[in-house]
Amino acid sequence: MNLHVRRCGAFFRSILFLLSVSVVTVDVSAKTPMHFGCIEFPPFCYSENGEIKGLEIDDAKRIFRKLGIPLRFTLFPLKRLYKLLSSGDVDVIIGSPMAPDLKGAILWTPQTFYTFTIVAVHLKTAKKIEIIDNLRGKNIGWLRPYTFPVVGSYIKENKIEYSEVGNLKGALKMLELKRLDYFLAYKEELEILGALKKGNIGVSELHKIDLHFIVSKKVPNAKDLLDRVIKIESGSK
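The following refers to the structure shown. (Residues numbered from 1 in each chain as written. Predicted model: local features only at pLDDT ≥ 70, side-chain atom pairs only at ≥ 80, totals over all residues. Heavy atoms only, no water.)

**Details of the overall build of the protein chain**
Regarding its fold elements, the protein chain presents seven helices and 11 strands. The buried share of the protein chain, taken over its 237 residues, is 42%. The long-range share in the protein chain, meaning contacts at least 24 apart out of those at least 6 apart in sequence, stands at 71%. When the accessible surface of the protein chain is split by element, carbon and sulfur atoms take 56% of a total near 13200 Å². (Helix = DSSP H or I, 4+ residues; strand = E, 2+ residues; numbered from the N terminus. Buried < 20%, exposed > 50% of the residue type's maximum accessible area, 1.4 Å probe, protein only. Contact = heavy atoms within 4.5 Å. Areas by Shrake-Rupley, 256 points an atom, 1.4 Å probe, with all protein chains shown as cover.)

**Description of the environment of serine 86**
Note that serine 86 resides in helix 3 (residues 78–87). Expressed as a C-alpha distance, the spacing of serine 86 and glycine 104, which sit 18 residues apart in the sequence, is 8.7 Å. Leaving out residues up to four positions away in the same chain, serine 86 has contacts with Asp101, Leu102, Ala105, Ser216 and Lys218.

**Some points on the packing of aromatic side chains**
Under the criterion given, the structure shown has 15 aromatic pairs. Geometrically, the ring pair formed by phenylalanine 64 and phenylalanine 213 is tilted, given 6.0 Å between the ring centres and 35° between the ring planes. With phenylalanine 64 in helix 2 (residues 55–67) and phenylalanine 213 in strand 11 (residues 201–216), this pair connects stretches of sequence that are 149 residues apart. When sorted by exposure, phenylalanine 64 lands in the same class as phenylalanine 213, which is buried. On the numbers, 4.6 Å between centres and 35° between planes, the contact of tryptophan 142 with tyrosine 162 is tilted. Of the two residues, tryptophan 142 is situated in strand 8 (residues 140–143) and tyrosine 162 in the loop between helix 4 (151–157) and strand 9 (163–165); the sequence distance between them amounts to 20 residues. Judged by its relative accessible area of 4%, tryptophan 142 is buried. (Phe/Tyr/Trp six-rings, centres within 6.5 Å; stacked < 30°, edge-to-face > 60°.)

**Quick word on helix 5 (residues 168–176)**
By the burial criterion, the buried members of helix 5 are Leu168, Ala171, Leu172 and Leu175. Within helix 5, the buried residues cover an arc of 100° as seen down the axis, which keeps them to one side. For helix 5, the secondary structure elements touched by its buried residues are strand 7 (114–123), strand 8, strand 9, strand 10 (182–186), helix 6 (187–192) and strand 11. At the N-terminal boundary of helix 5, the capping side chain belongs to asparagine 167, with an oxygen 3.3 Å from the backbone nitrogen of lysine 169. Of the residues one or two after helix 5, lysine 178 is the one with positive phi, at around 65°. (Arc of directions from axis to C-beta. Polar contact = N/O pair within 3.5 Å; in protein donor to acceptor, adjacent residues only side chain to side chain.)

**Thoughts on the pattern of salt bridges**
Note that side chains of opposite charge can pair when their charged atoms are close. Tallied over the full model, the rule gives 10 salt bridges. The salt bridge involving arginine 136 is made with aspartate 133; its shortest N-O contact spans 2.9 Å. Residue classification places arginine 136 among the partly exposed positions, given a relative accessible area of 37%. Residues aspartate 227 and lysine 223 are paired through a salt bridge, measuring 3.0 Å at the closest nitrogen-oxygen approach. In this pair, aspartate 227 and lysine 223 are both assigned in helix 7 (residues 222–236), four residues apart and thus about one turn of the helix distant. Classification of lysine 223 as partly exposed rests on a relative accessible area of 49%. Look at the salt bridges and you will find they share partners, linking Asp59, Arg62 and Glu233 into a network. (Salt bridge = Lys/Arg side-chain N within 4 Å of Asp/Glu carboxyl O.)

**A word on the nonpolar core**
Residues Phe64, Val121, Leu135, Leu143, Phe183, Phe213 and Leu225 are the most contacted members of the largest nonpolar core, which totals 75 residues. Per-element accounting of this core gives the leading share, eight residues, to strand 11. In contact with phenylalanine 183, not counting residues within four places along its chain, are Val119, Ala120, Val121, Gly141, Leu143, Leu168, Ala171, Leu172 and Leu175. (Core = buried A, V, L, I, M, F, W, Y, C linked by side-chain atoms within 4.5 Å.)

**A look at unusual backbone geometry**
The omega angle of the peptide bond from proline 42 to proline 43 is 0°, so this bond is cis rather than trans. By the secondary structure assignment, proline 43 is in the loop between strand 1 (34–38) and strand 2 (46–48). If you check the backbone angles, phenylalanine 148 has positive phi at about 50° while not being a glycine. With respect to the helices and strands, phenylalanine 148 occurs in the loop between strand 8 and helix 4. Of the residues examined, phenylalanine 148 reaches a relative accessible area of 0% and is grouped as buried.

Structure below.
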């Protein structure tokens, strides 16, 4: 009788153990695809022939392949991406955890995936910008849809005037026509598009921004998912 009881007890302990494991991991290992969002920013994320590609996409696929979780990808305007990540309608991104719109809504890895450099673009004949406040009183362009973390916050908080510019090509044209003195951009995008090969274009570096793997706190068991990603990335270095 005692042997039977012990066997039954061992069986139920095994069942309880399996149930406890499944409760911890079910939300982040389900076969329902997680939603990865990004903005159009070649070569990191872009659409080609109806397919979303890029370095961010490759990294996300590599990580989630190891996790055994399928992904779906969507391109969004930046502001909408941040809003959807905060609400949980987008699960994960690779981006800056310092973006003001994401405050309190996310978890992120300690590992840096990429580093971008915010610069003030100007004609080489113009004075280089040493500190952000040197932009005060100048004709400043701000490329949509970027938020330019830290630099953008400083400009807005200190009421430095600027004008929004629709795209990089337009900003360069306005600079050459001297309708702008400087405009904010990412150095990496300028390099990719060959803008710095123009002999008359210079840049002043203002701030470096690290991009991390970010999980919305609305994701069930978000901390567990993040810990698993951290473990994968720690092993890949």
